[in-house]
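Take a look at the letters that make up each chain.
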Amino acid sequence: MSGPVGIISAGDMGAAIGAMLSSGGIDVATNLTGRSDLTTTRAAEAGMRDAGSTDALVAECGVLLSVLPPAEAVSIAEEVADAMARTGARPAYVECNAIAPQTVVRIATLILDTGAPFIDAGIIGSPPGPGSDTRVYCSGPDTSALESLRECGLDIRRVGPRFGQASGLKMVYAASTKGTTAVWTELLTAAEAMGLTDALLAEFGHAADAARHMKAATQMPRRARRWVGEMEEIAATFEHLGLTPRILLGAADMFRLTGETSLADQTSREPDPELREMLRALAEQAQRNG
């Protein structure tokens, strides 16, 4: 591949991708202006360097990967498009965020209007690293710029020629995983509020997959605020297809409730809360709201 790879930004997923690319010998850059100390630390640990500004990142890189909370996807694409206009640089823009296909098309229009290539991508799985099974699906007329990163160990799979196909796959898959986590979190919280947690957990002793769902629930709080936007994008995806958006809007509400508690302030470097601690906090927050 030609030139450095830029990653926006060095969160858990972005930094993990950056570390994999760096270990494969690629020069990986990001923009740390205004970012937190934790993000700066993640970037350094991943071998990512600070380009110093969006303009510099756009000017230096041959490929840009946008890896952000879904709610920020459009605004950062607008920022990058403006930087392309100022610098005259046209790196391939890879939209990796968990957003609806129609949002992808909107972003693709922004980028393509600058003359830069655009690739739709959807990341499924945990951040890449030892023992992970991360898959990066991509779609669009020409996905070769992203596919060239396979040489660094990324599992990149092309799913089709149209913008929105990779993101659509991410949407339906995330509905099955994170949407299910929202349902389990809500029902467990309801049981706690009614004083039925012990009885419910005893009943769940007969369910083979209950432990897995409860573990996923305790891993959720630090991601909850980011997942609100993702659930809303999935809801928009379904509504666009003539299906009800209300199931996933309910999941967004559950993550929004979690985001109102101090549980959501934890980072990936802190231990997940105990189940009963989490349920008490959520039940108390729901009572305050209700």
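In this report, the structure presented in the accompanying data block is examined. (Residues numbered from 1 in each chain as written. Predicted model: local features only at pLDDT ≥ 70, side-chain atom pairs only at ≥ 80, totals over all residues. Heavy atoms only, no water.)

With respect to helix 5 (residues 101–112)
Now for step 1: Counted at 1.5 Å a residue, the expected span for helix 5 with its 12 residues is 16 Å, and the 16 Å between its end C-alpha atoms agrees.
Now for step 2: When we look at burial in helix 5, the residues that qualify are P101, T103, V104, I107, A108 and I111. Buried residues of helix 5, seen end-on, are gathered within an arc of 145 degrees and therefore sit on one face of the element.
Now for step 3: Contacts made by the buried residues of helix 5 are with helix 4 (73–87), strand 5 (92–95), strand 6 (118–124), helix 7 (165–193) and helix 10 (224–240). (Helix = DSSP H or I, 4+ residues; strand = E, 2+ residues; numbered from the N terminus. Expected span 1.5 Å × (residues − 1). Buried < 20%, exposed > 50% of the residue type's maximum accessible area, 1.4 Å probe, protein only. Arc of directions from axis to C-beta. Contact = heavy atoms within 4.5 Å.)

Examining the pattern of salt bridges
Now for step 1: Enumeration over the complete set of coordinates arrives at 17 salt bridges.
Now for step 2: Between R150 and E147 there is a salt bridge, and its shortest N-O distance comes to 2.7 Å.
Now for step 3: For E192, the salt bridge goes to R276, with nearest N and O atoms at 3.5 Å. Taken together, the positions of E192 in helix 7 and R276 in helix 12 (residues 275–289) put the pair 84 residues apart, joining distant regions of the chain.
Now for step 4: One connected set of salt bridges, linked through shared partners, spans D27, R49 and E60. (Salt bridge = Lys/Arg side-chain N within 4 Å of Asp/Glu carboxyl O.)

Focus on empty space enclosed by the protein
Once rolled over the atoms, a probe with the size of a water molecule shows which space is left empty.
Now for step 1: The final tally for this structure, using the stated rule, is one cavity of 30 Å³ or more.
Now for step 2: As a volume, the largest cavity reaches approximately 40 Å³.
Now for step 3: Around the largest cavity, the lining residues are I17, L65, C96, I123, V136, L146, L154 and I156.
Now for step 4: Classifying every residue of the lining of the largest cavity by side-chain character gives eight nonpolar, no polar and no charged. (1 Å grid on protein atoms, 1.4 Å probe; cavity = no way out; pocket = protein on both sides within 12 Å on 5 of 7 lines; lining within 4 Å. Points joined across faces, edges and corners; volume = space filled by probe spheres on them. Nonpolar A, V, L, I, M, F, W, Y, C, P; charged D, E, K, R; others polar.)

A word on the side chain of T258
Now for step 1: For T258, the location among the structural elements is in helix 11 (residues 246–259).
Now for step 2: With a relative accessible area of 0%, T258 lands in the buried category.

Some remarks on unusual backbone geometry
Now for step 1: In this structure, the amide linkage connecting I8 to the following residue, S9, adopts the cis form with an omega of 10 degrees.
Now for step 2: With respect to the secondary-structure elements, S9 resides in the loop between strand 1 (5–8) and helix 1 (12–23).

A few points about helix 1
Now for step 1: Counted at 1.5 Å a residue, the expected span for helix 1 with its 12 residues is 16 Å, and the 17 Å between its end C-alpha atoms agrees.
Now for step 2: When helix 1 is considered as a whole, its buried residues turn out to be M13, G14, A15, A16, I17, G18, M20 and L21.
Now for step 3: As for helix 1, its buried residues are in contact with strand 1, strand 2 (28–30), helix 2 (37–45), strand 4 (63–66) and strand 6.
Now for step 4: Trailing helix 1 by a residue or two, G25 shows a phi angle of about 90 degrees, which is positive.

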